[in-house]
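This is what each chain is made of:
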Amino acid sequence: MKKMNEFDKPFSGFEKQMPRGWVWDDTRAFLAVARHGTLSGAAAELHLGIATLSRRIERLEKALKLPLFVRQQSGYQLTEEGAGLVEKAEALEAAAVAFTIDVSRHSQLSGRVRLATAENLATALILPALAQFRRQYPGITLELVTDISTVNLHRRDADLALRMVKPERGNVTLRRLGSLGYGLYASSAYAAQRKTALDTGDYDMDAFITWGEAQAHLPAAQWVERVLHGREPALTTTSVATQIAAAKAGLGIAVLPHFLAQEAGLVCIASDIGVDQPIYLVIQTDLTQSRRTRAVADFLIELVASNHARLAWAEKRGG
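Quick notes on the rules
Residues numbered from 1 in each chain as written. Predicted model: local features only at pLDDT ≥ 70, side-chain atom pairs only at ≥ 80, totals over all residues. Heavy atoms only, no water. Helix = DSSP H or I, 4+ residues; strand = E, 2+ residues; numbered from the N terminus. Pairing = 2+ DSSP bridges. Right-handed = clockwise from strand over helix to strand, strands pointing away. Phe/Tyr/Trp six-rings, centres within 6.5 Å; stacked < 30°, edge-to-face > 60°. Buried < 20%, exposed > 50% of the residue type's maximum accessible area, 1.4 Å probe, protein only. Contact = heavy atoms within 4.5 Å. Salt bridge = Lys/Arg side-chain N within 4 Å of Asp/Glu carboxyl O. Core = buried A, V, L, I, M, F, W, Y, C linked by side-chain atoms within 4.5 Å. Domains from an automatic or database assignment. Axes fitted to C-alpha atoms, helices over the stretch in contact; angles between N-to-C directions.

**Thoughts on the environment of His308**
Within the fold, His308 resides in helix H12 (residues 308–312). Each C-alpha atom, one on His308 and one on Leu177, is 8.9 Å from the other, the two residues being 131 residues apart in sequence.

**Quick look at the pairing of strand E3 (residues 111–117)**
Within a regular strand, side chains alternate between the sheet's two faces. As defined by bridge partners, E3 adjoins strand E4 (residues 140–145) across six bridges and the pair is classed as parallel. Bridge pairing in E4 links Ala116 to Val145. The β-α-β motif built from E3, the intervening helix H6 (residues 119–136) and the parallel element E4 has right-handed crossover chirality. Looking at chain direction, E3 and strand E5 (residues 160–163) are connected through three bridges and run parallel. Following the sheet pairing, Leu115 is matched in E5 by Leu160.

**Thoughts on the packing of aromatic side chains**
Any aromatic ring pair is given by two values, namely how distant the centres are and how the planes are angled relative to each other. On inspection of all chains with the given rule, the structure shows seven aromatic pairs. Aromatic side chains Tyr203 and Phe208 sit 6.1 Å apart centroid to centroid with 85 degrees between the ring planes, which places their arrangement in the edge-to-face category. The exposure class assigned to Tyr203 is buried, which follows from its relative accessible area of 7%. A network of ring pairs unites the aromatic residues Phe30, Phe69 and Tyr76 as a single cluster.

**Notes on the environment of Ala234**
You can see Ala234 is positioned in the loop between helix H8 (219–228) and strand E9 (235–237). If we ignore the near neighbours within four places in the chain, the residues touching Ala234 are Ala207, Phe208 and Leu251.

**What about the pattern of salt bridges?**
Taken as a whole, this structure holds 10 salt bridges when the rule is applied. Asp25 is the partner of Arg28 in a salt bridge, and the nearest nitrogen-oxygen pair spans 3.9 Å. Taken together, the residues Arg28 and Asp25, both in helix H2 (residues 24–36) and three residues apart, mark about one turn of the helix. Look at Arg28 and you get partly exposed, because its relative accessible area is 37%.

**Section: the nonpolar core**
The biggest cluster of nonpolar side chains holds 64 residues, and the ones touching the most others in it are Leu184 and Trp223. Among the elements that take part in this core, helix H11 (residues 291–306) stands out by supplying eight residues, more than any other. The residues that make up this core include at least three from each of domain 2 (111–180 + 277–312) and domain 3 (182–270). Residues contacting Leu184, with those up to four places away along its chain left out, are Tyr203, Phe208, Trp223, Ile253, Ala254, Val255, Val267, Cys268, Ile269, Ala270 and Ile273. Counting 17 residues, the second largest nonpolar core, distinct from the first, contains Leu39, Ala42, Ile57 and Leu68.

**Overview of the sheet that holds strand E11 (residues 267–270)**
Sheet architecture is open: five strands sit in the order E9-E8-E10-E7-E11, paired in mixed fashion. The outermost strands of the open sheet, each flanked by one partner alone, are E9 and E11. Here the average twist between neighbouring strands, direction ignored, is 45 degrees. Looking at chain direction, strand E8 (residues 208–211) and strand E10 (residues 253–257) are connected through two bridges and run parallel. Within E10, the residue paired with Ile209 across the bridge is Ala254.

If you want it as structure tokens, here you go:
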């Protein structure tokens, strides 16, 4: 269970001090009446009916358990208690205005942000969640670059990256967000005809689907190469999507991210083969104060955190 830090703690003291039934709109009504001295003047300012305004004043007095005005023929006169609350109500008003301005600025962020990431993270993790980000930041244009092997933040090919390889050089700031778990997966038909039990480590009779020579440096490709002991794989491809399709077609076993393989309906032959990869958020250091870049970074941080269990590992599944 995550340990709560000081920033996560609820403002319990503040909550205990809040009057039951207090509503911010009632405080606005109080200030308007205090300033105008009449319900009609305050109602015109707030674009409310006089009856609605009167109910709000009464509701606030009930919540505070204090008389705020003396009702007179000539208008509303502040009581001593009411006069003592004007300054505090104005502080609340100033805070509300500042909050509104900040939200407005937040939503008005605009410009282009170039994000580099692996295609499987782009299609299965980022894109399904992007509609919510677009609603929050309609002015930001996100450019997704999924050919991660050719993207170099040091050369400014992208503003930030979500990647599984820790950069060794360049003026970048990085943060580890989580892990991407991998296992061995095959079709149910292929798994059913195997003569070897699951998770035994015996793959001498198995056909493997793996990466081509250009991706031979990947941990998944290196794992398969070690297991094959010089044998040829059944198929090599240049993308996770084609490996999933090949495994579904019953062509053999592939080393795949758990969350993609399981969603594709594949059977887990081995759930932990030691090739899990860290997920890093990498940002060009001089862009860490860019508000639109930070908006994208915060979106990615929250996205990976909320999908932690899905990405990290899965229970062993199989026959």
